[in-house]
Structures are given as C-alpha cells and as structure tokens.
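Residue-level structure breakdown
So you can see what is in the structure, the chains are spelled out below.
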Amino acid sequence: MKVYLSVDMEGVTGLTDPEEMHAGKRGYERGCELMTADANACVAGAFDASGVHAVLVNDAHGSTKNLRIDLLDERASLIRGPGKSQRMAQGLDGSFDAACFIGYHARAGVTHGVLNHTWMGKEIQNVWLNGEICGETRLVAACAGFHGVPVVLVTGDEAVGEEARELLGDVETVAVKKGIDKFSAELLPPSVAQARIREATTRALNRLSDFTPYTLAAPYTLAVEWNSTAIAAAVGLIPGVKAAGSRHIEFTTDDFTQIMALFGLFATIGGQISCGSGPYG
C-alpha cells in the first residue's frame, strides 16, 4: 500500500500566530519542527497499519520549504521546494492507495476557523468548485479523486474537521486545537495531539475499504472572488480565464491538474499585486 501525505501548516499542533507560518518571523523555526512532528506521527501511523510499504510527504505550505528533512521519519520521502505545478497535490497520482491531509485549516470566512483562509492569506474572498463553496480540503480532495485516490484522514482544528466530514463523510479526523477566534485557540499538547494523529492514521488505513474517492463530474469550473479588482483583472489575462464580475473570475477544464496549476499562477500574480499596492490593497 502506498500512502500520500499533503502537509499544510496552519492546522499544525500548537500554532495560532501568522508569524509562525513565515520564514524569518518569530516562532517560525519551532513551527517547522511541530509541522514535521505532526507529519511524522502520520508516517508512523501509516507504517503501523498492515500492508504499507511506501509513504510520500509533500510540503504544501507557502514556500513549500518548511518541513525539516533532517527530522523526517527515515521511512518516508519528501517533496520540497517551489516550482511545483500541482502545489498542494504535487506527486499525487493513481499509484497511491490513500491520501492524508495533515495540518489543514478551514476555508475563508469559517467562524472559529484558526487562521482560516483559502489558498492565499487575504487576497481571496471565496472560491467555488463546480458551483459549491470550496476550501483547500475540497480542492485537494477533488484532485485526489481525479486520480482515483480516497482521502482517509484530515488533521487540523475542529473547524476543518467539520468541513472534512461534511464533504467526505466518515473520514478520520483529528482536532489538535479548538478555535476561539481566527488567531486564538485552545491547544492540545504536542505529545497528545501527535499520539492521536498516529492512532487515527492506523485506524483509517486498516479500514481502507470503507473509503471512496471524492469525485466531481467533468468539466470542472473554478470560480474565485478576489478582494481586489486589480488582481481579478491581472489573472483574467491568463488564457482560458474569464471575467465574471469586477472581482470575480472563472476557469473551466476537463483536466483537474490544470485547476491545481492555475492556482499556482494565481498566487504568484495575486501576491505580487497585493504586496506592491500599498494601503489600497
């Protein structure tokens, strides 16, 4: 059995502060250690299950240079670094039997979602996939489903667990924190949270036959509402992207890998415009 891990950072054990997510900021290095520890708990749980022979870990947060390879469980391999066309789903294909999402967070606007957002910190107001409101859990689960791979585990705060169960049904979830507000939470100690992640991973993989891939019917339509008319206008220059309003764009394709690649372009363009636009955002 081959297992794929997509590891984000906002839903990692112990983290609540945006500075902990960014290189050079206060708490970032410790955040990377905690992120790696959560990933290792899942890796260990995978190898505790029967029949697992390979685990691939993808660093899915921001720069994608956060996970500590020197601390990673030696039985796993790691995809790290920018320039990945599939971003949060890099390396995922039909050869995998199961996917686990570690350190995930609730979509933008979810009450009590710790560090809630969708894909970008503040530039994106809302995302829809085939007409349904979409966070990163839905997006990457749909990509996994496109390849025929079921999502069996989602870890993060309570809010993303609720989002995952609403979307995926009886998926295993681990709540490592309970949101109070966007930047505050009640936290589990790392030793407790990571023990629960390990146990849930083993439990999920030992009942793999209970899960089915989350699949959408093609064509796939991605719609994004930006917080800026300037960003919407700029990403609207990408071939195939159409304006659907002053801050709203849409893109339709039969190939879900194009959806993932497009989001990478959106982040590059949107980030440049947002960072250079001063107080007008």
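What this report covers is the structure whose coordinates are included nearby. (Residues numbered from 1 in each chain as written. Predicted model: local features only at pLDDT ≥ 70, side-chain atom pairs only at ≥ 80, totals over all residues. Heavy atoms only, no water.)

1. Quick look at the pairing of strand 11 (residues 242–245)
Put simply, the test is: DSSP calls a pair of strands paired once it identifies at least 2 bridges connecting them. Each helix corresponds to a stretch of at least 4 residues labelled H or I by DSSP, and each strand to a stretch of at least 2 residues labelled E; elements are numbered beginning at the N terminus.
Sheet analysis places strand 11 next to strand 12 (residues 248–253), joined by 3 bridges and oriented antiparallel. Each residue of the ladder has a partner; that of Lys-242, found in strand 12, is Glu-250. Between strand 11 and strand 12, which pair antiparallel one after the other, the connecting turn spans 2 residues.

2. Let's talk about the pattern of salt bridges
When the charged atoms of two side chains with opposite charge come close together, those side chains can pair. Rule in force here: We define a salt bridge as a contact between a side-chain nitrogen of Lys or Arg and a carboxyl oxygen of Asp or Glu at a distance within 4 Å. Relative accessibility decides the category of a residue: with a 1.4 Å probe and only protein chains considered, values under 20% of the type maximum give buried, values over 50% give exposed, and everything between is partly exposed.
If you walk through the whole model with that rule in mind, you get 14 salt bridges. In this structure, Arg-30 engages Glu-33 in a salt bridge whose closest nitrogen and oxygen atoms are separated by 3.2 Å. Of this pair, Arg-30 and Glu-33 both sit in helix 1 (residues 28–48), 3 residues apart, which is roughly one turn of that helix. A relative accessible area of 47% means that Arg-30 is categorised as partly exposed. A salt bridge links Arg-107 to Glu-163; the nearest nitrogen and oxygen atoms lie 3.9 Å apart.

3. What about the sheet that holds strand 1 (residues 2–7)?
As a reminder, the rule being used: As a rule, the C-alpha atoms of each element are fitted with a line to give its axis, helices using only the stretch in contact, and angles between N-to-C directions run from 0 to 180 degrees. The contact criterion used throughout is that any non-hydrogen atoms of two residues lie within 4.5 Å.
Strands sit in the order 3-2-1-4-7-8-9 across an open sheet of 7 strands; the sheet is mixed. Edge positions in the sheet fall to strand 3 (76–79) and strand 9 (184–187), since each has one partner strand and no second. Ignoring strand direction, the axes of neighbouring strands in this sheet form an average angle of 25°. Relative to strand 8 (residues 172–181), strand 7 (residues 151–157) runs parallel, the two being bridged by 5 bridges. Following the sheet pairing, Leu-153 is matched in strand 8 by Glu-172. Across the face of the sheet, helix 3 (residues 158–168) comes into contact with strand 4 (98–104), strand 7 and strand 8 while running at roughly 155° to strand 7. The strands touched by helix 4 (residues 190–205) within the sheet are strand 1, strand 4, strand 7 and strand 8, with strand 8 carrying the most contacts at an inclination of about 145°.

4. Brief notes about the nonpolar core
The following threshold applies: Residue types Ala, Val, Leu, Ile, Met, Phe, Trp, Tyr and Cys, when buried and joined through side-chain atoms within 4.5 Å, form a set referred to as a nonpolar core.
The biggest cluster of nonpolar side chains holds 48 residues, and the ones touching the most others in it are Trp-119, Val-224, Trp-226, Phe-256, Phe-263 and Phe-266. In terms of residue count, the dominant contributor to this core is helix 6 (residues 256–275) (7 residues). By size, the runner-up hydrophobic cluster in this structure holds 41 residues, among which are Met-9, Ala-39, Cys-42 and Val-57.

5. Remarks on the side chain of Asp-38
Filter applied, for reference: Under the convention used here, Asp and Glu are negative, Lys and Arg are positive, and both His and the chain ends fall outside the count.
By the element assignment, Asp-38 lies in helix 1. Buried charge without a salt bridge: Asp-38, with Lys-177 as the nearest opposite-charge side chain at an N-O distance of 7.3 Å. The contacts of Asp-38, once residues within four sequence positions are left out, are Val-12, Thr-13, Ile-102, Gln-194 and Ile-197.

6. Re the packing of aromatic side chains
Threshold: Stacked, tilted and edge-to-face pairs are distinguished by plane angle, under 30 degrees for stacked and over 60 for edge-to-face with tilted covering the rest, among Phe, Tyr and Trp rings (Trp via its six-membered ring) whose centres lie within 6.5 Å.
Per the counting criterion, the structure on display carries 8 aromatic pairs. Ring centres 4.7 Å apart and planes at 10° place the aromatic pair Phe-101 and Tyr-104 in the stacked group. Accessibility expressed as a relative area gives 0% for Tyr-104, which makes it buried. Ring centres of Tyr-220 and Phe-256 lie 5.2 Å apart, and the angle between their planes is 80°; this geometry places the pair in the edge-to-face category. Linking Tyr-220 in strand 10 (residues 220–226) with Phe-256 in helix 6, this pair joins segments that are 36 residues apart in sequence.

7. Details of helix 1
Where we set the bar: Between the first and last residue of a helix there are one fewer steps than residues, each counted as 1.5 Å, and that sum is the expected span.
Between its first and last C-alpha atoms helix 1 spans 30 Å; for 21 residues at 1.5 Å apiece the expected length is 30 Å, and the two agree. Burial runs high along helix 1: 16 of the 21 residues are buried.

8. Details of the sheet that holds strand 6 (residues 132–133)
The strand order across the open sheet built from 5 strands is 6-5-10-12-11, with neighbouring strands paired in antiparallel fashion. Two strands close off the open sheet at either side, each with one partner strand: strand 6 and strand 11. Helix 6 rests against strand 5 (124–129), strand 10 and strand 12 of the sheet, and its axis sits at about 20° to strand 10.

Function-wise, these values are silent; they only describe arrangement.
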